[in-house]
Amino acid sequence: MGPGGFYHPSNRSGAKLRLHMMCFGRLWDPVTKYEKSYRSDGSAPPPLPYEFISLAENAIQDAQVHGLPSMLPDICVANLYSIYDRLGLHQDCDEHVGGLDRGLPVVSISIGNSAEFLYGHTRDENTLEKVLLESGDVLIFGGKSRLIFHGVKKILSDSGPSQLFQETLLKGGRLNLTLKHH
Ligand SMILES: O=C(O)CCC(=O)C(=O)O
Ligand SMILES: [Fe+2]
């Protein structure tokens with residue numbers, strides 16, 4: 001919380017999302033998208049840490065067997081979930097159309113409690129696949145799957161590494177770092 005830190009975002013209808021969020025590198029928000037450089041409290045996003053960039057680049061390199069284009073991230077959206085939080089089905093589609101067309105990958109890193117992650121090529125509930133994202137998992141979606149529908153259905157309590165919860169401020173929550181190129 002506080003300037004530049006986690007806040008409680010709303011969607012376009014004014015309803016609060018069921019998570020807290022902050023950005024590194026540049027600003028994205030469910031309502032203002034990439035339009036604004038400063039948040040309503042006047043704060044600018046903190047710089048994108050070099051370690052985040054290198055994590056994303058290494059992950060994409062490791063996935064090269066799947067023929068994905070490389071991607072130099074310029075934004076990290078950090079989502080913080082309590083065990084009661086979730087994220088509805090959506091597409092990450094506010095990035096430049098050229099990058100979307102080329103299928104520039106998105107790198108999503110999970111830390112803390114596990115999440116039930118749903119994904120599919122349509123919004124149709126019956127065709128959605130489910131995968132459990134555990135602490136340390138890295139999910140990459142790019143190429144033909146860049147505009148996949150996805151969401152977090154549920155956070156599983158007491159499912160993260162106890163040492164992580166003891167030694168950090170992430171007390172029983174889940175942190176997701178989504179790295180992409182605007
Ligand atoms: O928390 C997650 O695993 C997904 C986050 C996400 O889809 C997003 O921030 O756009
Ligand atoms: Fe997303």
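Model, not experiment: these values are computed from the prediction. (Residues numbered from 1 in each chain as written. Chains lettered and ligands numbered in written order. Predicted model: local features only at pLDDT ≥ 70, side-chain atom pairs only at ≥ 80, totals over all residues. Heavy atoms only, no water.)

Engineer: Honestly, unusual backbone geometry in this entry has me stumped. Any pointers?
Structural biologist: Only a minority of non-glycine residues have a phi that is not negative, and only a minority of peptide bonds are not trans. Here the phi dihedral of Lys33 falls at roughly 55°; this positive angle occurs in a residue that is not glycine. Following the sequence through the fold, Lys33 ends up in the loop between strand 1 (20-24) and helix 1 (50-62). Positive phi values are uncommon outside glycine, yet Asp158 reaches one of about 50°. By secondary structure assignment, the location of Asp158 is in the loop between strand 8 (149-155) and helix 3 (162-167). Under the relative-accessibility criterion, Asp158 is labelled exposed at 76%. (Helix = DSSP H or I, 4+ residues; strand = E, 2+ residues; numbered from the N terminus. Buried < 20%, exposed > 50% of the residue type's maximum accessible area, 1.4 Å probe, protein only.)

Engineer: What's the story with the sheet that holds strand 9 (residues 174-180) in this structure? I'm lost.
Structural biologist: The sheet built from five strands is open, its strands ordered 1-2-9-4-7 with antiparallel pairing. At either end of the open sheet lies a strand with only one pairing partner, and these are strand 1 and strand 7 (138-141). The average undirected angle you get between the axes of adjacent strands in this sheet is 20°. Across five bridges, strand 1 lies against strand 2 (residues 75-81) in antiparallel orientation. Bridging across to strand 2, Cys23 finds its partner in Val77. Along the sheet face, helix 1 touches strand 1, strand 2, strand 4 (106-112), strand 7 and strand 9 and points at about 115° away from the line of strand 4. (Pairing = 2+ DSSP bridges. Axes fitted to C-alpha atoms, helices over the stretch in contact; angles between N-to-C directions. Contact = heavy atoms within 4.5 Å.)

Engineer: Just checking my understanding: could you explain the packing of aromatic side chains for this structure?
Structural biologist: Both the distance between ring centres and the angle between the ring planes are used here to describe each pair of aromatic rings. Tallied over the full model, the rule gives two aromatic pairs. Note on Phe24 and Phe52: the rings are 5.4 Å apart at their centroids and 70° apart in plane angle, and the pair reads as edge-to-face. Taken as a pair, Phe24 in strand 1 and Phe52 in helix 1 lie far apart in primary sequence, 28 residues in all. Phe52 shares its class with Phe24; the two are buried. Note that Lys180 overlies the ring of Trp28, its terminal NZ or CZ placed 5.8 Å from the centroid. (Phe/Tyr/Trp six-rings, centres within 6.5 Å; stacked < 30°, edge-to-face > 60°. Lys NZ or Arg CZ within 6 Å of the ring centre and 35° of its normal.)

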